[in-house]
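Each chain, letter by letter, is given below.
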Amino acid sequence: MSPTVVIILIVVALLVVAVTVYGVRASRRKQLRTTFGPEYDKVVGDADSRSEGERELREREKRHAGFELKELSAESKAKYSAAWEEVQIQFVDSPGEAVSTADELVTQLIAERGYPTGDYDDQLANLSVAHARTLEHYRDAHAISERNAAGEADTEDLRQALVHYRALFADLLGENPVRTEGAAAESQPTVPTQPINNHDSDVAGSRPDATSR
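Asks: Help me get a handle on the overall build of the protein, residues and values and all.
Replies: For the protein, the helix and strand inventory stands at nine helices and zero strands. Counting helices and strands in the order they occur from the N terminus, the protein gives α-α-α-α-α-α-α-α-α. Expressed as a percentage of its 213 residues, the buried residues of the protein come to 42%. Within the protein, counting contacts between residues at least 6 apart in sequence, those at least 24 apart form 66% of the total.

Below, the structure written as structure tokens:
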């Protein structure tokens, strides 16, 4: 075999390896985008490089695989739905307290589903694997809740916070936490009908509409 043929074979082999590696990386990237949705762009954008951001997302998947997550029983779902309706009724007279209660209720639901609770940033990372579509709602709700604690949130801010909390709450619960018929519907506070910070399009089809009320 001539040296020229050997060189050609080596070049072809290297090209095959390069194409294979590229294909594997593209497949992994597609899988991460599918899993994390808009969270993929956020994490990659905040990282020093795409590789570092994707490594962080894969680490989140590994941690998530170690959680002992569980579905809620029908009784638990009914309990949480009733508690959420009480939060929305409370909002009419005490918006600030209602938002604080909503934050506590969401944290309680997160824990009952089997996720670790504690550090807020860790909660975001843990939820991002299975609930990435409603994560921005949680971020916005938390930000307003902190402003509320500092006395810097007005009633409209608090109304939006409740809508944001409800988006994640419904996602974790697996159903709309609010009945729509009769007296139950009449007891709910009015919430904005316009999209909130453009997140509604992020979760379309993955949760009950949290802005229609």
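Asks: I'd love a proper account of the nonpolar core, names of residues and values included.
Replies: Trp84, Leu127, Tyr138, Tyr165 and Phe169 are the most contacted members of the largest nonpolar core, which totals 31 residues. Those elements giving two or more residues to this core turn out to be helix H4 (74-93), helix H5 (95-112), helix H6 (120-131), helix H7 (135-149) and helix H8 (155-173). The element contributing the most residues to this core is H8, with eight residues.

Asks: I'd like to hear about the packing of H6 against H7, residue by residue, with values.
Replies: Two numbers describe how H6 lies on H7: the axes approach to 10 Å, and their chain directions differ by 155 degrees. Taken together, H6 and H7 sit at an angle that is classed as roughly antiparallel. Read as a crossing pair, H6 and H7 show a hand that is right-handed. When H6 is examined against H7, the residues Tyr120, Gln123, Leu124, Leu127, Ser128 and His131 are found in contact with a partner set consisting of Leu135, Tyr138, Arg139 and His142. Here the residues of the contact of H6 with H7 sort into five nonpolar, four polar and one charged.

The rules behind each value
Residues numbered from 1 in each chain as written. Predicted model: local features only at pLDDT ≥ 70, side-chain atom pairs only at ≥ 80, totals over all residues. Heavy atoms only, no water. Helix = DSSP H or I, 4+ residues; strand = E, 2+ residues; numbered from the N terminus. Buried < 20%, exposed > 50% of the residue type's maximum accessible area, 1.4 Å probe, protein only. Contact = heavy atoms within 4.5 Å. Core = buried A, V, L, I, M, F, W, Y, C linked by side-chain atoms within 4.5 Å. Axes fitted to C-alpha atoms, helices over the stretch in contact; angles between N-to-C directions. Parallel < 35°, antiparallel > 145°, perpendicular 65-115°, else oblique. Left-handed = near helix turned anticlockwise from the far one by under 90°. Nonpolar A, V, L, I, M, F, W, Y, C, P; charged D, E, K, R; others polar.

Functional significance is not addressed by these values, which are geometric in nature.
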